[in-house]
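# Chain and residue survey
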Amino acid sequence: QVQLVESGGGLVQAGGSLRLSCAASGRTFSSYAMGWFRQALGKEREFVATITRSGGSTYYKDSVKGRCTISRDNAKNTVYLQMNSLKPEDTAIYYCAAALNPYRLRVGVQADYWGQGTQVTVSS
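The sections below set out a description of the structure shown in this document.

### Examining the overall build of the protein
Secondary structure assignment for the protein yields 1 helix and 11 strands. For the protein, the α and β elements follow one another from N to C terminus as β-β-β-β-β-β-β-β-β-α-β-β. For a compact globule of 124 residues, the expected C-alpha radius of gyration is about 14 Å, and the protein comes in at 13 Å, within 12% of that figure. Expressed as lengths along the three principal axes of its C-alpha atoms, the size of the protein is roughly 40 × 25 × 25 Å. Sorting the 124 residues of the protein into buried and exposed places 41% on the buried side. Contacts in the protein between residues at least 24 apart in sequence constitute 57% of all its contacts with a sequence separation of at least 6. Accessible surface, the protein: about 6,500 Å² in total, of which carbon and sulfur atoms supply 46%. Across the protein, the mean location of the 14 positive side-chain charges is 5 Å away from that of the 8 negative side-chain charges.

The structure is reproduced here in structure tokens:
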């Protein structure tokens, strides 16, 4: 069992930055690919970024490339999402997710575990 707890969301002006964190419980954090997803009001949940177990490979949604960086610290059981140059269209609830299958996580938006989400609001 893995529990995921996100933090770091909030209200920011366009052009600003936020750093989201996701703390995982359990001893098997390094066994999971990790990802960040978001869901805007009235829309489906979508992939934002994923990172492999070792952190050696990362993947990003096209619209966030160059503005967001996903990273992980396996010693701290934590995954991060640094978001810069935020835009109003980035407004959403951001979810952390863990999956044994990195392809299902990135392509299928299918995870073994999900966090409760943290709200990110970008004002214009």
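### Focus on the state of the cysteines
The final tally for this structure, using the stated rule, is 1 disulfide. Unpaired in terms of disulfides, C68 finds its nearest cysteine sulfur in C96, a separation of 14 Å. Overall, C68 belongs to the buried group, its relative accessible area being 7%.

### Re the pattern of salt bridges
In this structure the tally under the stated criterion is 5 salt bridges. With a shortest N-O distance of 2.7 Å, E46 and R38 are connected by a salt bridge. Residue E46 is classed as partly exposed on the basis of its relative accessible area of 27%. Judged by relative accessible area, R38 falls into the buried class, the value being 6%. Of the charged contacts in the structure, one is a salt bridge between D90 and R38, with a shortest N-O distance of 3.0 Å. Here D90, found in the loop between β8 (78-83) and β9 (92-99), pairs with R38, found in strand β4 (residues 33-39); they are 52 residues apart in sequence, far enough to count as distant. Across the pair, exposure class does not vary: D90 and R38 are buried alike.

### Some details on the side chain of T50
Here T50 lies in strand β5 (residues 46-51). A relative accessible area of 3% places T50 in the buried class. Discounting residues that sit within four places of it in the chain, T50 has contacts with M34, G35, F37, S57, T58, Y59, I70, L105 and R106.

### Things to note about the packing of aromatic side chains
Tallying each qualifying case throughout the model produces 3 aromatic pairs. Aromatic side chains F37 and F47 sit 6.3 Å apart centroid to centroid with 65° between the ring planes, which places their arrangement in the edge-to-face category. Note that F37 is positioned in strand β4 and F47 in strand β5, a separation of 10 residues in sequence. What makes F47 buried here is its relative accessible area of 16%. Measuring from centroid to centroid gives 5.2 Å for F37 and W114, while their planes differ by 70°, and the two rings are edge-to-face. Residue F37 is located in strand β4, and its partner W114 is located in strand β10 (residues 113-114); the two are separated by 77 residues in the primary sequence. Put simply, the rings of F37, F47 and W114 pair up and form one aromatic cluster. When the ring centre of Y95 is taken as reference, the NZ or CZ atom of R45 above it lies at 3.8 Å.

About the cut-offs
- Residues numbered from 1 in each chain as written.
- Predicted model: local features only at pLDDT ≥ 70, side-chain atom pairs only at ≥ 80, totals over all residues.
- Heavy atoms only, no water.
- Helix = DSSP H or I, 4+ residues; strand = E, 2+ residues; numbered from the N terminus.
- Rg over C-alpha atoms; globule rule 2.2 N^0.38 Å.
- Buried < 20%, exposed > 50% of the residue type's maximum accessible area, 1.4 Å probe, protein only.
- Contact = heavy atoms within 4.5 Å.
- Areas by Shrake-Rupley, 256 points an atom, 1.4 Å probe, with all protein chains shown as cover.
- Lys, Arg positive; Asp, Glu negative; His and termini not counted.
- Charge placed at Lys NZ, Arg CZ, Asp CG, Glu CD.
- Disulfide = S-S within 2.5 Å.
- Salt bridge = Lys/Arg side-chain N within 4 Å of Asp/Glu carboxyl O.
- Phe/Tyr/Trp six-rings, centres within 6.5 Å; stacked < 30°, edge-to-face > 60°.
- Lys NZ or Arg CZ within 6 Å of the ring centre and 35° of its normal.

By themselves, these are just geometric observations and shouldn't be taken as functional.
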